[in-house]
Amino acid sequence: MRLSDLFKTVSAVAIALAGMPALSAAAQDDLGLDVVVVTSQKRAENIQDVPISVTAISETELRNRSAESLRDLQDAVPNLSIYSQTDFNPNFIIRGVSSGARNVGFESSLGVYVDGVYMGRTSGFNQQLDDIERVEVLRGPQGTLFGKNSVSGALNIVTRRPGDDFEGSVFAEYGNFDHVHVGGYMSGPLVEGILAAKLSGYVRQRDGFVENINPDGPETVNNEDTWGVRGELRYTPVPALDIALRGDYTAADRRVLNGEVEAILSNPVGLPLVGDVPGPRTVSIDGKNKEDRTLSGTSLTAEYTFDSGYELTSISALRNIEYGLPDADLDGEPASYLATDYIDEISQLTQEIRLASPQDQRWRYIAGIYYLDQDSDSSRSLVLGSDMRSTLGALGVPPALLNDLTYFGTVETQSFALFGNLSVDITDRLELEGGLRYNKESKDLVFGQDGIDVLGLPTIAPFSDEIEEEDLSPTIGLNFSPTDHTLLYARYARGFKSGGWNADILSSPDPEDIIFDAESIDSYEVGLKTDFFNRRARLNVALFHMSYEDIQVSRFNSVTSSFETANAAEARSQGFEVEFSARPAEGLDLSAAVGYADAEYKSYPDAAPGVDLSGTRLDAPDLTLSAAAQYTRPISANLEATGRLDYSYRSDTPGDGLDPTSALDSIKTLNGRIGVTSQNGVSLFFWARNITDEDYVIAAYDGGNLASTIGVEQRFATYGEPRTYGVMLSFDF
């Protein structure tokens, strides 16, 4: 269907909805859906007035869904999927395009921001959702206002702010697998009208749901052991000035899993392999698999409103990430064959200054500058275990050649940008907007590898390289409001992500082979946003077409036991998102969302020697569905009861095109929550996730780690969480 035909279809729907009968004012006051305020365009706006495809999930909605981390949002957001074996490199997929980035020379296509601060690397993405006011998921390139590496979209996390009212909340949760989650916050004035403070914290622990039958390894893996604190001092010496000093710290200590062996595909040397341990979520491994992750940061935000209504904002921030994964089992066997050691450290400084004109003028604009200085250091090893050394020795390999592989990479990045966005009212109901972002970025790499020549992994003497790139990315849109509660929009945006290096295990001795080019995207989108039946129903629709040039692709090469990153010539993703919510009766809330993304390589002739992947699907689900129903009603003078069900579906994925074992089946989950809330703020709820106890796989691959060394080929799979359930007691005051 042509873009013009899509716009005509959306227009027809809008006209039909605008003509629906109205209800009484009383019905609107009692049952109207809540107004959702977002800052996805750097201003506080009603989400129904924002001409982009965005989903906002409030603090209340997060609690109703029993969502604890960003991973849980995929059950609520169309065309969002998150596949995560560890917190080192979670793969966020938006509109069919992946955003993983496993080494310091390769960056994500998704931008994650907390209170306006860019989170930098994927190891800092999976934030806990304690003390959060809302999460905004923006689909499509957001480079004009959000900037660096927001090619596929942006996640904008907004934390709770302190004010002049004393308030707080505490909660305690217990569930199966000895799940314990306790936390809370307190907020209020220190000096009335001038200084306010907030402090929050949490502890989350859970036994692993994957049993390890090897007594030499951990008893279980895929556990949770995380704690964190967050604080804010808010200084308002005069009404026009608002200064916020924020700080946060998160520490996670988990036992993670690289996958469990499902099958032995070949074993030419006759190793005594355990192979597939009966039953999903059961392994026999010897590695410690201990993942340590520390996130910390401070920021200073100052907002000043002039008498003329102009607003000046400055956001200064420092952030640090420390990640370690020592002695991680790679072979899936109780014997000591292969393991990895990872140590990554990232530090960054960011500064943003922007000026926003008054919102009530015919001509409105936002203009600003942005600066980022980031240092990323990585030191990693591929460790040959004692049983691997014995096996290779028996095959005639001299012990002197059996060293461990080690490699290191350091990338220093500096990015500077000028940006602006201008809107003008052509008529009372027709608005034209345009934006432009100029970005200049420089990167410096130092890399070296102490290889294992007998395994085809060469030694590479330390070398340096640099990249300097400039880009100009425009945005233009036309917005039409046929009624006070209906918005039609059409939007074009260009996105850009700079090039880099595959600073990973290398099978080629030529440093030139690790360089890849920048990618760019041209995105076209038309949409409809409307409230009808006097705001008792809401429908948002977006239709999109995105064309990628030189899309960056990272995949595992099972032949060489190395990860490779390169550019595919062209890719395309097109589809739609539909979000519907309604309040048909008092206490009853219904919602549903559908996302479809037809994503494929338009041109990828050199995916591998002799392999052309042109015309094949990208490794992502093409269909996501979700639906929710919640009913609340009084059961006594001071108690009300609430029950809720959430259903989520993600279609199958085709795999990466070179490894047929990486294809995944569809995933269906059903979650629920039921409980009571008293008028004095005490709540007691029972919850369950994956109620039907589905066994589903979230990652699979042909395990070439042993294949590249001794010809043993395995199939690995990682299962999602089984049925979990528990009870939560909370008190809001």
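Note that this is a predicted model, so its numbers are computed, not measured.

K.L.:
Before we go on, may I ask you to explain the overall build of the protein in this structure?
P.N.:
Along the protein, the regular secondary structure elements total 5 helices and 39 strands. A compact globule built from 733 residues should have a C-alpha radius of gyration of about 27 Å, and the protein, at 26 Å, falls within 12% of that. Along the longest, intermediate and shortest principal axes, the C-alpha atoms of the protein span 85 × 60 × 55 Å. Expressed as a percentage of its 733 residues, the buried residues of the protein come to 55%. Summed over all atoms, the accessible surface of the protein reaches about 28,700 Å², with 56% contributed by carbon and sulfur. For the protein, the centre of its 57 positive side-chain charges and the centre of its 110 negative side-chain charges are spaced 6 Å apart.

K.L.:
Sorry, what's going on with the nonpolar core here?
P.N.:
For soluble globular proteins, nonpolar side chains are generally found buried alongside one another. Judged by nonpolar contacts, the single largest core of 37 residues is most densely connected at M388 and L445. Elements that contribute at least two residues to this core include exactly strand 20 (311-329), strand 21 (338-356), strand 22 (363-384), helix 4 (386-394), strand 23 (405-425), strand 24 (430-450), strand 25 (460-483) and helix 5 (704-710). Every residue in contact with L445, bar those within four places of it in the chain, is listed here: T410, V411, F463, S464, D465, W501, A503 and I514. Counting 25 residues, the second-largest nonpolar core is a separate cluster that includes L73, A76, V114 and L129.

K.L.:
Sorry if this is basic, but what is going on with unusual backbone geometry here?
P.N.:
With glycine set apart, most residues show a phi of negative sign, and most peptide bonds adopt trans. The phi torsion at F177 lies on the positive side, around 60°, for a residue other than glycine. Turning to its location among the elements, F177 is positioned in the loop between strand 10 (167-175) and strand 11 (179-191). The class of F177 is partly exposed, set by a relative accessible area of 28%. Even without being glycine, N222 reaches a positive phi, approximately 65°. Take N222: it is sitting in the loop between strand 14 (220-221) and strand 15 (224-235). On the basis of relative accessibility, which here comes to 6%, the residue N222 falls in the buried class.

K.L.:
Whenever I open this one, helix 4 confuses me. Can you help?
P.N.:
For an α-helix the count is 3.6 residues per turn, leaving residues at separations of three or four pointing the same way. Taken residue by residue, helix 4 has M388, T391 and L392 as its buried positions. Buried residues of helix 4, viewed axially, fall in a sector of 95°; they line one side. Exposed and oriented more than 90 degrees from the buried face of helix 4 are S390 and A394. Downstream of helix 4 by a residue or two, G396 has a phi angle that is positive, lying close to 95°.

K.L.:
Just checking my understanding: could you explain a nonpolar patch on the surface for this structure?
P.N.:
A cluster of nonpolar residues, F166, V170, M186, I674, V682, L684, F686, L729, F731 and F733, forms a patch on the protein surface that exposes about 900 Å² of accessible area. At 3 residues, the largest contribution of residues to the nonpolar patch is made by strand 36 (residues 682-689). With respect to the helices and strands, the residue L684 is situated in strand 36.

K.L.:
Is there a simple way to explain the packing of aromatic side chains in this structure?
P.N.:
Applying the stated criterion across every chain, the model contains 16 aromatic pairs. With a centroid separation of 5.9 Å and 80° between ring planes, the pair formed by F92 and F125 is classed as edge-to-face. Of this pair, F92 sits in strand 5 (residues 91-94) while F125 sits in the loop between strand 7 (117-118) and strand 8 (132-139), placing them 33 residues apart in sequence. Of the two residues examined, F92 and F125, each falls in the buried class. On the basis of an interplanar angle of 55° and a centroid distance of 4.8 Å, the ring pair of Y601 and Y604 is categorised as tilted.

Cut-offs applied
Residues numbered from 1 in each chain as written. Predicted model: local features only at pLDDT ≥ 70, side-chain atom pairs only at ≥ 80, totals over all residues. Heavy atoms only, no water. Helix = DSSP H or I, 4+ residues; strand = E, 2+ residues; numbered from the N terminus. Rg over C-alpha atoms; globule rule 2.2 N^0.38 Å. Buried < 20%, exposed > 50% of the residue type's maximum accessible area, 1.4 Å probe, protein only. Areas by Shrake-Rupley, 256 points an atom, 1.4 Å probe, with all protein chains shown as cover. Lys, Arg positive; Asp, Glu negative; His and termini not counted. Charge placed at Lys NZ, Arg CZ, Asp CG, Glu CD. Core = buried A, V, L, I, M, F, W, Y, C linked by side-chain atoms within 4.5 Å. Contact = heavy atoms within 4.5 Å. Arc of directions from axis to C-beta. Patch = residues over 30% accessible without salt bridge, like charges linked within 9 Å, V, L, I, M, F, W, Y side chains within 5 Å. Salt bridge = Lys/Arg side-chain N within 4 Å of Asp/Glu carboxyl O. Phe/Tyr/Trp six-rings, centres within 6.5 Å; stacked < 30°, edge-to-face > 60°.

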